[in-house]
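# What the coordinates show
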Amino acid sequence: MNLIIGAAVTPTAGRWIDRYGNRRAVAVAFAGGIGGVLLTLIPRIPAVIAGLALCCTGVFIAQSAASSFIGKAATRNRALAVGLCGTCYYAGGSAGASLPGFLWHAGGWSACVAMIVAVQALTIGLALGLWSDT
C-alpha cells in the first residue's frame, strides 16, 4: 500500500517540482521522509503505517526530482549522466539493503532509523549546497 501511495503522489509532485525547483523538492521530500521514519519509532500500528507511507512518498518524490535535475543540469552527455545516476541509485539501494542488517544487530530498529535519518539529511545538504537552480 505504501508503494501505491508513493506512486500516486509522484505525478502531482512533478508539477510542484517544476514550480518550486528540484533542490526544494528534494529537501521537502526528504524532510517529510525523516518525519515519516521517526514516526515508525512510535509503537502503534497506525503511526508505523503513516510513517512508512510518508517515508516512501518522500523517496519517490526525491527520486523524481533527482532524475529531472539530471536533464536540466547535464548540458552534454545526458545519456551518460542519466546512466551514472541510475548506477548510483541502484548501488546505493544495494548498500541500503545490507547495511541496516549490521545496524539492526548493533542497536535494533532505532539504529536503522538513525542511519536513514542521517542519509536523508546528508542528501538534503548535498542538494541544497551543490545543486544549482537551473
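Residues numbered from 1 in each chain as written. Predicted model: local features only at pLDDT ≥ 70, side-chain atom pairs only at ≥ 80, totals over all residues. Heavy atoms only, no water.

## Quick look at a nonpolar patch on the surface
A cluster of nonpolar side chains, Leu38, Leu41, Trp104 and Trp109, forms an exposed patch at the surface whose accessible area comes to about 390 Å². When you line up the elements, Leu41 lands in the loop between helix H2 (22–39) and helix H3 (45–73). The class for Leu41 is partly exposed, based on a relative accessible area of 39%. (Patch = residues over 30% accessible without salt bridge, like charges linked within 9 Å, V, L, I, M, F, W, Y side chains within 5 Å. Areas by Shrake-Rupley, 256 points an atom, 1.4 Å probe, with all protein chains shown as cover. Salt bridge = Lys/Arg side-chain N within 4 Å of Asp/Glu carboxyl O. Helix = DSSP H or I, 4+ residues; strand = E, 2+ residues; numbered from the N terminus. Buried < 20%, exposed > 50% of the residue type's maximum accessible area, 1.4 Å probe, protein only.)

## Some remarks on the environment of Gly92
Looking at the element boundaries, Gly92 is found in helix H4 (residues 78–130). Between the C-alpha atoms of Gly92 and Ala31, which are 61 residues apart in sequence, the distance is 19 Å.

## Details of the environment of Gly35
Summarising the element assignment, Gly35 is placed in helix H2. As a C-alpha pair, Gly35 and Ala53 span 18 residues in sequence and 11 Å in three-dimensional space.

## Details of the packing of aromatic side chains
Summed over all chains, the structure comprises three aromatic pairs. Aromatic pair Trp16 and Tyr20: ring centres 4.8 Å apart, planes at 40 degrees, arrangement tilted. One end of the pair is Trp16 and the other is Tyr20, both in helix H1 (residues 2–20) and four residues apart, which spans about a single turn. Trp16 gets classed as partly exposed once you look at its relative accessible area, which sits at 33%. Its relative accessible area of 35% is what places Tyr20 among the partly exposed residues. (Phe/Tyr/Trp six-rings, centres within 6.5 Å; stacked < 30°, edge-to-face > 60°.)

## So, unusual backbone geometry
The phi dihedral of Asn77 is positive, around 50 degrees, even though this residue is not glycine. With a relative accessible area of 53%, Asn77 lands in the exposed category.

## Structural notes on the side chain of Ser64
By the element assignment, Ser64 lies in helix H3. Setting aside anything within four residues of it in sequence, one finds Ser64 in contact with Thr10 and Ile17. (Contact = heavy atoms within 4.5 Å.)

## Description of the packing of H3 against H4
A pair of packed helices can be characterised by two numbers: the angle between their axes and the separation between those axes. The contact between H3 and H4 brings their axes to 11 Å, and the two run at 155 degrees. Taken together, the axis directions place H3 and H4 in an arrangement best described as roughly antiparallel. Crossing of H3 against H4: the hand is right-handed. Contact residues: H3 offers Cys55, Val59, Gln63, Ile70 and Gly71, while H4 offers Arg78, Ala81, Val82, Cys85, Tyr89 and Gln120. Of the residues in the contact of H3 with H4, the class split is seven nonpolar, three polar and one charged. (Axes fitted to C-alpha atoms, helices over the stretch in contact; angles between N-to-C directions. Parallel < 35°, antiparallel > 145°, perpendicular 65-115°, else oblique. Left-handed = near helix turned anticlockwise from the far one by under 90°. Nonpolar A, V, L, I, M, F, W, Y, C, P; charged D, E, K, R; others polar.)

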